[in-house]
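What the coordinates show
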Protein chains: 2
Amino acid sequence: MAQKKYERLAAELERQIASNLVKPGERLSSVRELSRVKRVGLNTVVRALGLLEDRGLIVSRPQSGFYVLGPRASSGVTAPAMRLTLPKEVQVPDLVSTLFESAKDRQVLPLGAACLDAELYPLAAINRATRRVVREQPRLVGGYALPPGDFEYRRQVSRRLEKFGTFVAPAELVATGGAMESLGLALRATCSPGDTVLIESPQYFGILQALQHLRLKVVEVPSHPVEGVQLEQVEEALRRGGVSAGLFTPNFSNPLGTLMSDEKKAALVALFARHGVPLIEDDIYAELSFQGLRPRPLKAFDTRGGVLTCASFSKTVSPGLKVGWLAPGRYLPRVQALQLASTMGGSPLSQRVMASYLASREYERNLRELRLHCSVQVERFSRFILERFPEGTRTSRPQGGFVLWVELPRQVDSVELFRRALEEGLSFSPGTLFSTRELYRNYLRLNCGNRWSPRLEQGLARLARLVATMAKARPS
Amino acid sequence: MAQKKYERLAAELERQIASNLVKPGERLSSVRELSRVKRVGLNTVVRALGLLEDRGLIVSRPQSGFYVLGPRASSGVTAPAMRLTLPKEVQVPDLVSTLFESAKDRQVLPLGAACLDAELYPLAAINRATRRVVREQPRLVGGYALPPGDFEYRRQVSRRLEKFGTFVAPAELVATGGAMESLGLALRATCSPGDTVLIESPQYFGILQALQHLRLKVVEVPSHPVEGVQLEQVEEALRRGGVSAGLFTPNFSNPLGTLMSDEKKAALVALFARHGVPLIEDDIYAELSFQGLRPRPLKAFDTRGGVLTCASFSKTVSPGLKVGWLAPGRYLPRVQALQLASTMGGSPLSQRVMASYLASREYERNLRELRLHCSVQVERFSRFILERFPEGTRTSRPQGGFVLWVELPRQVDSVELFRRALEEGLSFSPGTLFSTRELYRNYLRLNCGNRWSPRLEQGLARLARLVATMAKARPS
């Protein structure tokens with residue numbers, strides 16, 4: 001469906017607002033100016049501005065012009081008061097299957113699983129690279145990519161990390177089939193079944209599932225919505241003992257989207273090193289920073305090989321290529337043996353295709369667009385929700401990635417909401433999935449990865465109505 | 001390197017011999033006849049026959065002609081006397097890493113890992129299919145292939161099984177990244193760490209490694225070199241109790257290459273069903289039958305969903321595409337949850353490419369060639385070994401696949417032999433890797449998957465000399 005002229009203009013202005021080209025409180029160019037600069041009619045400008053006003057991004061002040069609105073003051077979720085927990089087995093509710101089933105259903109609006117609109121990935125470039133690699137290296141699929149995997153791919157990953165101040169040699173990297181395989185290998189290399197892993201809360205349910213199926217217990221450290229985990233609590237947990245590994249997402253945690261400062265990263269790494277406990281990090285969202293610079297992984301602060309960094313290109317280049325990596329520090333030999341015994345290594349074709357793409361200039365260019373898309377989308381979702389959802393609704397303020405953590409009025413049960421929403425053809429991730437405790441019943445995570453569309457907007461409006469109904473129906 | 005005319009003729013005659021077109025004891029056509037029929041000069045025929053004579057395939061009888069030789073009477077390995085063992089933890093020697101390292105080294109003759117010459121796979125067709133799929137379905141790599149995986153791929157696997165009398169609906173299949181992932185999922189779905197799995201001995205060390213890393217114990221049932229496992233011993237082990245799953249390779253076991261009869265398969269399935277114990281089968285070599293017909297999997301005899309069939313196309317179509325499947329019976333929901341939590345599913349591109357190839361006529365045509373190649377190669381290796389290795393050497397008589405199990409004189413330690421061979425640039429799999437017991441010290445497994453070449457022949461001759469030296473040096 002072709003976008004109309006005024007919609008295109010609105011989208012352009014919206015990107016400018018989201019990228020802080022025009023800041024909250026500032027005045028937009030006048031209708032006449034915009035018409036001249038953008039080379040469109042006055043009517044088009046008026047309709048575009050009307051659209052932005054409807055979306056709560058700008059406000060018209062008579063005799064003066066249009067002003068950019070800031071996020072509402074109520075934004076920012078509250079963290080439930082929470083102490084360190086005792087080691088506990090993980091049991092992710094069956095609801096997750098329903099969630100993933102709904103992700104396959106094209107009739108359902110995909111706000112559940114964290115995935116981007118397929119059109120945002122550089123698929124044409126990947127397909128081109130695939131055809132080229134197949135033509136130039138026809139024997140590639142005739143052999144295995146035994147652990148640690150294709151050298152050229154590992155070299156490209158190493159170069160990319162080096163570009164942002166983290167040196168990990170190709171020989172210290174293992175190619176994997178994605179971040180989940182990386183995490184599984186890291187956990188199996190450091191823990192035995194029955195062991196305890198220190199994690200932050202709320203935590204992505206996919207990781208909780210991985211922990212559950214590896215029969216690992218968890219101690220949850222509460223994560224502050226902006227600051228992230230409190231080091232004091234991490235230290236307390238380590239001092240208590242019995243922790244076999246830590247698992248954190250310092251760069252744009254999922255679902256909160258918080259970014260850990262470099263100082264805190266250094267302190268966290270030092271803390272784990274002091275206690276001799278390995279530290280696993282999920283670095284999958286690092287490239288999707290709203291500020292444009294890829295933040296450094298914990299690995300950058302690791303001097304003893306105790307940090308295992310897990311990542312993939314599923315959120316930035318292609319989920320279907322299934323290529324990730326793991327920098328396992330001193331656990332390298334064990335990780336290689338584990339991978340050999342569980343998959344014999346990944347796909348040589350996928351790894352070489354990704355290497356070829358990473359070596360191209362398009363990678364950086366596409367990342368820039370992707371980052372902008374993510375920041376605009378998250379902002380758009382956030383504004384829409386704060387505008388249309390009932391009083392008492394709050395949203396996280398992610399610094400990267402493309403998910404939003406939403407706190408609903410206390411009386412709204414997000415599991416019940418999920419069932420009702422699914423009946424109306426839309427999906428999201430209920431908060432209860434993000435902890436082993438009953439802490440996030442009135443929270444939910446929204447995938448903001450899809451392009452904004454009338455269908456999406458109608459879906460969110462439907463969700464807003466459902467929440468409003470439930471907020472009224474069940475007073476706390 | 002282009003093959004000379006007489007070498008091509010020799011290869012053709014050799015295939016006729018291996019395929020039993022001319023049987024042992026029968027006379028070959030005369031030199032003159034061959035010259036006429038094959039349209040080559042008399043000299044070419046004479047040189048070709050000389051080559052076959054050198055290889056021990058034919059013998060010249062003065063005044064009469066050339067006769068096909070049968071395998072030597074001493075062929076057929078002996079099984080070490082062995083009782084059922086008690087549950088034991090698995091600890092595969094580190095030697096395996098050396099073995100896999102050597103597989104990456106192009107200077108080393110690859111007789112260790114079981115892999116075919118890359119040129120034997122239908123790589124051109126796979127690459128063509130890849131280019132076509134990428135062109136026709138450019139958005140495929142933009143999404144996940146969430147468990148159970150691409151429908152079209154599962155449909156093609158189902159059709160293939162149906163063709164040989166085994167009906168497994170597409171909905172009962174899970175696409176995987178290869179047989180090792182299938183086996184891992186099957187084991188994790190049926191067992192917990194610390195549990196015991198009933199396996200046959202000798203057993204492929206890759207499976208032993210998988211068991212080790214999943215922290216499973218094993219009870220080994222001795223496998224007769226021709227008959228396979230003894231049902232009485234299986235029954236005894238099940239009656240003892242404490243077994244959480246069985247794992248067998250009824251179709252061309254690795255390393256023995258034995259084929260279980262349909263009657264025995266039915267009885268084995270019934271036995272496990274009676275004891276309520278799940279039965280996992282590794283069906284990866286089933287298509288490589290020397291008799292041409294794909295034997296049925298245990299699954300064909302399963303009425304209660306207790307059989308989990310694991311397979312892949314890594315040995316028949318492409319190792320690099322990384323596509324396998326798992327028919328997990330009643331463990332389907334658990335397998336899907338496990339796969340979701342460990343990899344989020346396989347590659348949608350690889351699965352679709354494989355589906356496209358499986359739907360083509362080339363698949364069956366290439367399999368026919370591959371089967372012939374395997375039978376010819378195994379026969380050639382076997383003859384060479386029985387001819388050149390010292391007295392007391394015996395070889396298995398595989399009915400499919402492309403590995404040969406070799407029994408050396410009792411005093412030869414295959415681990416020591418391995419170290420010496422590696423120094424001389426050739427690799428094989430020492431027998432000690434195939435059991436948790438010290439049973440196969442004077443055995444080794446040879447990969448016969450590569451094309452015969454002067455380099456290969458020289459390598460085997462070198463190995464023969466090493467064995468001879470060790471057989472003399474250490475009298476028992």
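Cut-offs applied
Residues numbered from 1 in each chain as written. Chains lettered and ligands numbered in written order. Predicted model: local features only at pLDDT ≥ 70, side-chain atom pairs only at ≥ 80, totals over all residues. Heavy atoms only, no water. Pairing = 2+ DSSP bridges. Helix = DSSP H or I, 4+ residues; strand = E, 2+ residues; numbered from the N terminus. Buried < 20%, exposed > 50% of the residue type's maximum accessible area, 1.4 Å probe, protein only. Salt bridge = Lys/Arg side-chain N within 4 Å of Asp/Glu carboxyl O. Contact = heavy atoms within 4.5 Å. Buried area = accessible area lost by both parts, 1.4 Å probe. Polar contact = N/O pair within 3.5 Å; in protein donor to acceptor, adjacent residues only side chain to side chain.

1. Here we look at the sheet that holds strand 14 (residues 403–407) of chain B
Residue and element names in this part refer to chain B.
- Spatial strand order, 13-14-17-16: 4 strands in an open sheet with antiparallel pairing. The sheet is open, and its two borders are formed by strand 13 (394–395) and strand 16 (429–430), each paired with just one other strand.
- Summarising the sheet, strand 14 and strand 17 (residues 443–447) pair through 5 bridges and their orientation is antiparallel. Residue pairing for strand 17: Leu404 is matched across the bridge by Leu446.

2. Considerations on unusual backbone geometry
- Of note, the amide linkage connecting Asn254 of chain A to Pro255 of chain A takes the cis form, showing an omega dihedral of 20°.
- A cis amide bond links Pro147 of chain B to the next residue, Pro148 of chain B, at an omega of 5°.
- At Arg39 of chain B, a position not held by glycine, the phi torsion is positive, near 55°.
- Note on placement: Arg39 of chain B falls in the loop between helix 2 (31–38) and helix 3 (42–54).
- A relative accessible area of 76% means that Arg39 of chain B is categorised as exposed.
- Located in the positive-phi region is Lys322 of chain B, a residue other than glycine, with phi close to 55°.
- Along the chain, Lys322 of chain B falls in the loop between strand 11 (307–312) and strand 12 (324–327).
- Judged by its relative accessible area of 13%, Lys322 of chain B falls in the buried class.

3. As for the pattern of salt bridges
- The final tally for this structure, using the stated rule, is 54 salt bridges over all chains.
- A salt bridge links Asp262 of chain B to Arg296 of chain B; the shortest N-O distance between them is 3.3 Å. With a gap of 34 residues between them, Asp262 of chain B in helix 10 (residues 262–274) and Arg296 of chain B in the loop between strand 10 (279–282) and strand 11 connect regions that are remote in the sequence.
- Using a relative accessible area of 27% as the deciding quantity, one classes Asp262 of chain B as partly exposed.
- The shortest N-O distance in the salt bridge between Arg365 of chain B and Glu362 of chain B comes to 3.9 Å. One end of the pair is Arg365 of chain B and the other is Glu362 of chain B, both in helix 13 (residues 362–388) and 3 residues apart, which spans about a single turn.
- Of the residues examined, Arg365 of chain B reaches a relative accessible area of 45% and is grouped as partly exposed.
- One network of salt bridges, with partners in common, ties together Arg160, Lys163, Asp283, Glu287, Arg294, Glu364 and Arg371 of chain A.

4. Overview of the interface of chain B and chain A
- In this complex, chain B contributes 55 residues to the contact, which on the side of chain A involves 55 residues.
- Interface area, chain B with chain A, both sides summed: about 4600 Å², of which 60% is carbon and sulfur.
- Sorting the residues of chain B by area buried against chain A places Val141, Tyr144 and His213 of chain B first, and these three jointly supply 14% of that buried surface.
- At the boundary of chain B with chain A, the tally comes to 2 salt bridges.
- Note that Glu119 of chain A and Arg139 of chain B form a salt bridge whose closest N and O atoms lie 2.9 Å from each other.
- The tally of links from chain B across to chain A stands at 20 residue pairs in polar contact (both at pLDDT 80 or more).
- For the side of chain B that touches chain A, the elements supplying multiple residues, two or more each, are helix 4 (95–104), helix 5 (123–136), helix 7 (179–190), helix 8 (205–213), helix 11 (332–342) and helix 12 (348–358) of chain B.
- No other element matches the 7 residues that helix 5 of chain B contributes to the side of chain B that touches chain A.

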